[in-house]
Amino acid sequence: MKPPPFTWHGPRSVDEAIAVLGEVGSEGKVLAGGQSLLPVLAMRLAAPAHLVDINAVEGLDTITVDASGVTIGALVRHTGLLRHPAAGNAQPLIPQALSCVAHATIRNRGTTVGSLAHADPSGEMTSVLALLGGSITAQSTRGARTIAAADFFVGPLESTLAPDELVVSAHFPGTVREPGTTSGTAFAEIARRHGDYALCGVAAIARVDAGGALLSLRCGYLSVSEVPLVLELTDAWNDSERAAVELARVGVDPSSDIHATAEYRRSLAGVLTARVARTAIAKARSVPELRAG
Ligand SMILES: Cc1cc2nc3c(=O)[nH]c(=O)nc-3n(C[C@H](O)[C@H](O)[C@H](O)COP(=O)(O)OP(=O)(O)OC[C@H]3O[C@@H](n4cnc5c(N)ncnc54)[C@H](O)[C@@H]3O)c2cc1C
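This report concerns the structure included in the present document. Computed from a predicted structure; not experimentally measured.

Brief notes about the overall build of the chain
- Counting its regular elements, the chain contains 12 helices and 14 strands.
- The C-alpha radius of gyration of the chain comes to 19 Å, within 12% of the 19 Å expected for a compact globule of 293 residues.
- With the C-alpha coordinates of the chain rotated into their principal frame, the extents come out at 60 × 45 × 30 Å.
- Of all 293 residues assigned to the chain, the portion counted as buried reaches 52%.
- When contacts within the chain are restricted to residue pairs at least 6 apart in sequence, those whose partners lie at least 24 apart make up 62%.

Next comes the structure, spelled out in structure tokens:
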């Protein structure tokens, strides 16, 4: 099917983009990589009268890595971020999860910020942003604001972004480096075919002390709740692996659809929790001296 008619806008700067968004309000949609928006238009699930194409906007394609983590501009493609060694060093969950996002051709065009703005609870990077306690920065003619992931995702494909706001960047906190502790991360998902949206996916971050005792274990889930879900599993894991798996199974809230039943997704959440938690803890314990991965 063809998309409904729209007026195309091609701003060259953030100021131009937010000026158009301010004028068209809820009649407008930002077009980034188009990998989610164009299918939505073609299927006539949305009919915005104006598309604000940001692909020629200057200065949105930067990746900044510093002591606080990784900040990416709105035009950074999944592939660009996946192949950025410094970003992966600062936060290993980024490449671990990004390599599971769709297929290479979609990653070449789709933007990571676009997938966050799309707020799909089946998206790998929404769950990683939530698990890390990251944030997005949005700009409009009213000014800029930074929104924590916990306050950003409010429902399936629903965020607290206003129609006139442009997400200019997203921030993924880096590995926590505290003296006497080491961290490990892991990501795993099950999809019917490689590149499909996951039936369930889990990201884990573990932190251990110098003796290898577990200090912290948190997991982020995708495709098993209406918004990206984060579970604190430290005490349960220290009790037993079985207790942590049970907490995960009870904590998720999956739905049935044509791809899988809710019960199957719940079962996957338990299996994958055990898998990523073991890997993340083992990595944390194998780090010689504050080198996390
Ligand atoms: C076959 C297929 C398989 C896929 N599989 C996966 C998968 O497994 N995991 C996954 O996470 N994704 C998957 N995707 C989606 C892909 O990751 C998209 O790239 C991503 O969701 C959207 O990024 P985009 O740049 O293409 O955004 P667009 O499609 O351009 O926009 C998506 C939405 O976000 C809004 N938006 C985009 N950028 C901004 C911004 N800067 N400010 C405000 N609003 C903005 C748009 O208005 C629109 O509503 C798949 C896509 C396809 C076609």
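Past the structure itself, the notes keep going.
A word on the pairing of strand 12 (residues 200–209)
- Here strand 12 lies mainly inside the structure; 8 of its 10 residues are buried.
- Looking at chain direction, strand 11 (residues 181–190) and strand 12 are connected through 10 bridges and run antiparallel. Bridge pairing in strand 12 links A188 to V202.
- For strand 12 and strand 13 (residues 214–222), the ladder comprises 8 bridges, and the chain directions are antiparallel. When the sheet's bridge partners are listed, A206 is paired in strand 13 with L217.
- Connecting strand 12 to the next strand, strand 13, in antiparallel fashion are 4 residues, including G212 with a positive phi near 90°.

Describing the side chain of E189
- The topology assignment puts E189 in strand 11.
- This buried residue, E189, is left without a salt bridge; R107 holds the nearest opposite charge, at 8.7 Å.
- For E189, the residues in contact, after removing those within four places along its chain, are C100, E124, D196, A198, C200, G201, L222 and L272.

Things to note about the site of the ligand
- The environment of the ligand is formed by 31 residues, the closest being V30, Q35, L37, T111 and E124.
- Within the backbone of Q35, a nitrogen or oxygen atom sits 2.8 Å from an oxygen atom of the ligand.
- In the model, an oxygen atom of the ligand is placed 2.6 Å from a nitrogen or oxygen of the T111 side chain.
- Examining the composition of the shell around the ligand, we find that 5 residues originate from one element, helix 7 (residues 112–118), more than from any other.
- When grouped by side-chain class, the residues that make up the shell around the ligand number 15 nonpolar, 12 polar and 4 charged.

So, how was this worked out
- Residues numbered from 1 in each chain as written.
- Predicted model: local features only at pLDDT ≥ 70, side-chain atom pairs only at ≥ 80, totals over all residues.
- Heavy atoms only, no water.
- Helix = DSSP H or I, 4+ residues; strand = E, 2+ residues; numbered from the N terminus.
- Rg over C-alpha atoms; globule rule 2.2 N^0.38 Å.
- Buried < 20%, exposed > 50% of the residue type's maximum accessible area, 1.4 Å probe, protein only.
- Contact = heavy atoms within 4.5 Å.
- Pairing = 2+ DSSP bridges.
- Lys, Arg positive; Asp, Glu negative; His and termini not counted.
- Salt bridge = Lys/Arg side-chain N within 4 Å of Asp/Glu carboxyl O.
- Near = heavy atom within 4 Å.
- Polar contact = N/O pair within 3.5 Å; in protein donor to acceptor, adjacent residues only side chain to side chain.
- Nonpolar A, V, L, I, M, F, W, Y, C, P; charged D, E, K, R; others polar.

Note that every value here comes from positions in space, so none of it alone points to a role or purpose.
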